[in-house]
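Topology and contacts: notes
What follows is each chain in one-letter form.
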Amino acid sequence: MAGFRTLSSGLRALQPGAFGADPRGERMARIRRSPHFKDGVFQNPGGLARTRPSGSTLDFAKVFFDKDTRPRRTPKGTVPVHSTTLADIARPPATGLRLTWMGHSSVLAEIDGRRVLFDPVWGERCSPFSFAGPKRLHPVPLPLAALGPVDVVVISHDHYDHLDMPTIKALAGTDTLFAVPLGVGSHLEHWGVSADRLRELDWHESTKIDGLTLTATPARHFCGRGLRNTQHTLWASWVVAGDEHRIYHSGDTGYFDGFQEIGAEHGPFDATMIQIGAYSDFWPDIHMTPEEGVRAHLDLQGGPEHGPMLPIHWATFNLATHPWADPGEGTLAAARAVGAGVALPRPGEPFEPTAGTVPSEPWWRGVALAPAGGRAAGEALTGAGIKAASDAAAVAQADTVSDGDRGVDKGTEDPETLPAG
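Below you will find a few notes about this structure. (Residues numbered from 1 in each chain as written. Predicted model: local features only at pLDDT ≥ 70, side-chain atom pairs only at ≥ 80, totals over all residues. Heavy atoms only, no water.)

For the rest of this paragraph, the subject is the pattern of salt bridges. One pass over the full model with this rule turns up 8 salt bridges. One salt bridge in this structure joins Arg 365 and Glu 329, with 2.8 Å as the shortest N-O distance. You can see Arg 365 sitting in the loop between strand E15 (350-351) and helix H10 (375-405) and its partner Glu 329 sitting in helix H9 (residues 326-338), a full 36 residues away along the chain. The exposure class assigned to Arg 365 is partly exposed, which follows from its relative accessible area of 26%. Glu 329 sits in the buried class, given a relative accessible area of 8%. Through salt bridges with shared partners, a single network forms among Arg 27, Glu 189 and Glu 200. (Salt bridge = Lys/Arg side-chain N within 4 Å of Asp/Glu carboxyl O. Helix = DSSP H or I, 4+ residues; strand = E, 2+ residues; numbered from the N terminus. Buried < 20%, exposed > 50% of the residue type's maximum accessible area, 1.4 Å probe, protein only.)

Below, the structure is given as structure tokens:
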């Protein structure tokens, strides 16, 4: 047994630092006490979620290596990054709320005099290795050091395209605090963030930081960074509320009925940031399509008349088999079909969601191959689908509010076990 432990310790020592560290001690004890942890793993709302490609490996390989569709997964030209980000964010937001999408799921939110940085990924690859893995399709709009002081960094979960070790190590040398889902703090401490700067939350728990209330809310996804995926770190969406404004960041998630409950309890929001990229029929439970993203936005807002949706989790890394521009095209069509407000900034382009106008130009069209069948046909098909989905969501939203008025308990179902992997 001693020899086995020595071998095991040696293998751990050879692991890349980017793998992070598994929760131990009191952190692990707290995880075991979580009502969302059962049978040794965290559970998903809505039951079992498929975390690996469904179907055969051969079917997936045929799609992944298809020579006709692969060219559409990357831009055909240089992605237009906003050129004056630094100068623009040097001025305070006139309305008290400004969002700057840095690419993928990274967003700087300036809200009621505070600065919140969601899922910061400044690395060149979302991978444990510097020489392999998905590489950036556009540069970061400005260097991390030029961003200036940040009051709190919010992490949605521990996948490489949301939790980037080089970025966290750089931020560890600042005064910022970190709000993370339960268990994720073990990675950050491993990379040099002191425990007193961590606010580690389970779903439905809140923390107050400099006048802001941050609440971890449910999401439908999974976790893991190393070769042995223990499912011992939680994933979350986030609500951030100040004195005047409130915003929502979805992290990564499949569509589920919980958006209605989050909206009823915490919304409506001045803006939502919703994942709409890297979706696939091979993993339908853990990422949303653009149509589902718009539906989730309507669930959260209770209708299209409230703040706009900022599409995130697309354009920066090639993580799925759909064409590079499809998330943008699909979101634009779906939002138009139901009259929902959608903000379409270039990476690095700041905008104020409560101002009279938000960026609305489909900027990606200049560097993307046109969809098969043309854009008009794609918009008509997508619009019809999302209209039917949104009508159903409106009925479900009314039922949710009615149940709340009658004092019906929410989230009491016994979830199925999430498989590791």
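We are not done yet, so read on.
Here we take up the sheet that holds strand E4 (residues 106-111). Taking strand neighbours across the sheet as the criterion, the 7 strands line up as E8-E7-E6-E5-E4-E3-E15 in an open arrangement whose pairing is mixed. Two strands bound the open sheet, and with one partner strand each, they are strand E8 (198-201) and E15. Two elements, E4 and strand E5 (residues 114-118), share 5 bridges in a ladder whose sense is antiparallel. When the sheet's bridge partners are listed, Leu 108 is paired in E5 with Leu 117. (Pairing = 2+ DSSP bridges.)

Within this structure, the stated rule accounts for 14 aromatic pairs. Taking 4.8 Å as the distance between ring centres and 50° as the angle between the ring planes, the aromatic pair formed by Phe 256 and Phe 259 counts as tilted. No difference in accessibility class separates Phe 256 from Phe 259, as the two residues are buried. Their ring planes at 80° and their centres at 5.4 Å tell us that Trp 314 and Trp 364 sit as a pair that is edge-to-face. Here Trp 314 is found in the loop between strand E14 (309-312) and H9, whereas its partner Trp 364 is found in the loop between E15 and H10, with 50 residues between them in sequence. Considered together, Trp 314 and Trp 364 belong to a single accessibility category, that of buried residues. Site record: aromatic cluster; members linked through ring pairs are Trp 101, Trp 314, Trp 324, Trp 363 and Trp 364. Positioned above the aromatic ring of Tyr 160, the side-chain terminus of Arg 225 is 4.0 Å from the ring centre. (Phe/Tyr/Trp six-rings, centres within 6.5 Å; stacked < 30°, edge-to-face > 60°. Lys NZ or Arg CZ within 6 Å of the ring centre and 35° of its normal.)

Before going further, it helps to examine the side chain of Glu 349. Relative to the assigned elements, Glu 349 resides in the loop between H9 and E15. At 4.0 Å, Arg 346 is the nearest oppositely charged side chain to Glu 349, a buried residue that forms no salt bridge. One polar contact links the side chain of Glu 349 to the main-chain amide nitrogen of Arg 346, over a distance of 2.9 Å. When neighbours within four sequence positions are excluded, Glu 349 is seen to be in contact with His 82, Leu 99, Thr 100, Trp 101 and Pro 359. (Lys, Arg positive; Asp, Glu negative; His and termini not counted. Polar contact = N/O pair within 3.5 Å; in protein donor to acceptor, adjacent residues only side chain to side chain. Contact = heavy atoms within 4.5 Å.)

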